[in-house]
Amino acid sequence: MARNKRSVDKEQKRKEILHAARGLFLEHGFEAASMPRVAEAAGIAPTTIYWYFENKDQLLLTVLDTMFQENLQAYLSQPALAMDLNKTLLWLIRNLKAAAPLIATLHTRLDQSEALSQWHKQYHRTVEAVLGEALTKLGVPPVLVNAYVKIVFYAIEGLIAHEHSDKEKRQVCAMLARQLPLA
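Residues numbered from 1 in each chain as written. Predicted model: local features only at pLDDT ≥ 70, side-chain atom pairs only at ≥ 80, totals over all residues. Heavy atoms only, no water.

A. Broad picture of the packing of aromatic side chains. Evaluation of the coordinates by the stated rule reveals seven aromatic pairs. On the numbers, 5.1 Å between centres and 70 degrees between planes, the contact of Phe68 with Tyr123 is edge-to-face. In this pair, Phe68 sits in helix H4 (residues 56-76) while Tyr123 sits in helix H7 (residues 114-138), placing the two residues 55 residues apart along the sequence. Side by side, Phe68 and Tyr123 carry an identical accessibility label, which is buried. Pairing Tyr75 with Trp91 gives two aromatic rings, centres 5.7 Å apart and planes at 50 degrees, and the pair type is tilted. Taken together, the residues span a long stretch of sequence, with Tyr75 in helix H4 and Trp91 in helix H5 (residues 85-97) at a distance of 16 residues. For the residue pair Tyr75 and Trp91, the accessibility class agrees, reading buried in each case. Among the aromatic residues, those joined into a cluster by ring pairs are Phe68, Trp119, Tyr123, Phe153 and Tyr154. Over the ring of Phe30 we find Lys56, and its NZ or CZ is 4.3 Å from the ring centre. (Phe/Tyr/Trp six-rings, centres within 6.5 Å; stacked < 30°, edge-to-face > 60°. Helix = DSSP H or I, 4+ residues; strand = E, 2+ residues; numbered from the N terminus. Buried < 20%, exposed > 50% of the residue type's maximum accessible area, 1.4 Å probe, protein only. Lys NZ or Arg CZ within 6 Å of the ring centre and 35° of its normal.)

Structural data, given as structure tokens:
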């Protein structure tokens with residue numbers, strides 16, 4: 001059955017709002033990107049945005065989730081990455097760096113939004129599971145996988161949150177990969 005024009009338009013408009021919000025959040029920051037400003041960038045009336053998103057936190061959550069799903073699918077589509085921890089780490093840093101301003105915003109808003117807090121917990125569970133699977137495939141003993149997942153995760157977050165040269169990032173990732181206790 002064909003979809004009616006209104007439902008297609010609604011889906012397209014939602015994507016346009018998300019695209020506008022993502023651009024504004026990344027370029028100007030979450031606080032500077034007011035809902036009316038997002039609506040203007042999306043080409044809609046300021047009140048119309050609330051037909052699609054209850055509030056700004058929900059909009060942020062949807063932008064974060066969209067970016068996360070895009071990165072997860074891109075990672076999973078390259079199975080060879082999971083067989084080389086150094087390449088995996090560099091790939092993650094490169095792809096997550098673009099979201100660094102939103103990640104910082106998320107961390108500052110965790111106490112203010114239960115929805116963001118829940119999303120953040122699920123994000124960590126998913127990423128840690130993916131990293132754990134990669135480390136297991138590489139031969140890290142199961143008893144050590146969880147500890148190494150934490151070490152790798154915190155190293156990635158640190159390299160994203162703080163300014164480092166590409167050379168420094170490569171050195172840290174290579175060192176982490178060399179230090180894996182392989183069975």
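So that's the structure; there's more coming.
B. Just the environment of Thr66, in detail. The residue Thr66 is located in helix H4 in this model. According to the relative accessible area criterion, Thr66 is partly exposed, its value standing at 30%. Sequence separation of Thr66 and Phe153 is 87 residues, and the distance between their C-alpha atoms is 20 Å.

C. Geometry of the packing of H5 against helix H8 (residues 142-161). Between H5 and H8, the least distance of the axes is 10 Å, while the angle of their chain directions is 45 degrees. The orientation of H5 relative to H8 falls into the category oblique. The interaxial crossing formed by H5 with H8 has right-handed handedness. On the side of H5, the interface is formed by Leu89, Leu92, Ile93, Leu96 and Lys97, while H8 contributes Val152, Ile156, Leu159 and Ile160. Class assignment for the residues of the contact of H5 with H8 results in eight nonpolar, no polar and one charged. (Axes fitted to C-alpha atoms, helices over the stretch in contact; angles between N-to-C directions. Parallel < 35°, antiparallel > 145°, perpendicular 65-115°, else oblique. Left-handed = near helix turned anticlockwise from the far one by under 90°. Contact = heavy atoms within 4.5 Å. Nonpolar A, V, L, I, M, F, W, Y, C, P; charged D, E, K, R; others polar.)

D. Structural view of H8. The terminal C-alpha atoms of H8 lie 29 Å apart, and with 20 residues this matches the ideal 28 Å at 1.5 Å per residue to within 8%. By the burial criterion, the buried members of H8 are Val145, Tyr148, Val149, Val152, Phe153, Ala155, Ile156, Leu159 and Ile160. (Expected span 1.5 Å × (residues − 1).)

E. Broad picture of the nonpolar core. Core analysis: the largest hydrophobic core is formed by 58 residues, its most contacted members being Ile17, Phe25, Val38, Ile49, Leu59 and Ile156. Ignoring any residue separated from it by four or fewer positions in sequence, one finds Val38 in contact with Ile17, Ala20, Ala21, Leu24, Phe25, Ala33, Ile49 and Leu59. (Core = buried A, V, L, I, M, F, W, Y, C linked by side-chain atoms within 4.5 Å.)

F. Structural view of the side chain of Lys56. Considering the arrangement of structural elements, one finds Lys56 in helix H4. Despite its burial, Lys56 remains without a salt bridge, the nearest opposite charge being carried by Glu31 at 4.8 Å. With near-sequence residues (within four places) excluded, Lys56 lies in contact with Phe25, Phe30, Glu31, Ala33, Ser34 and Met35. (Lys, Arg positive; Asp, Glu negative; His and termini not counted. Salt bridge = Lys/Arg side-chain N within 4 Å of Asp/Glu carboxyl O.)

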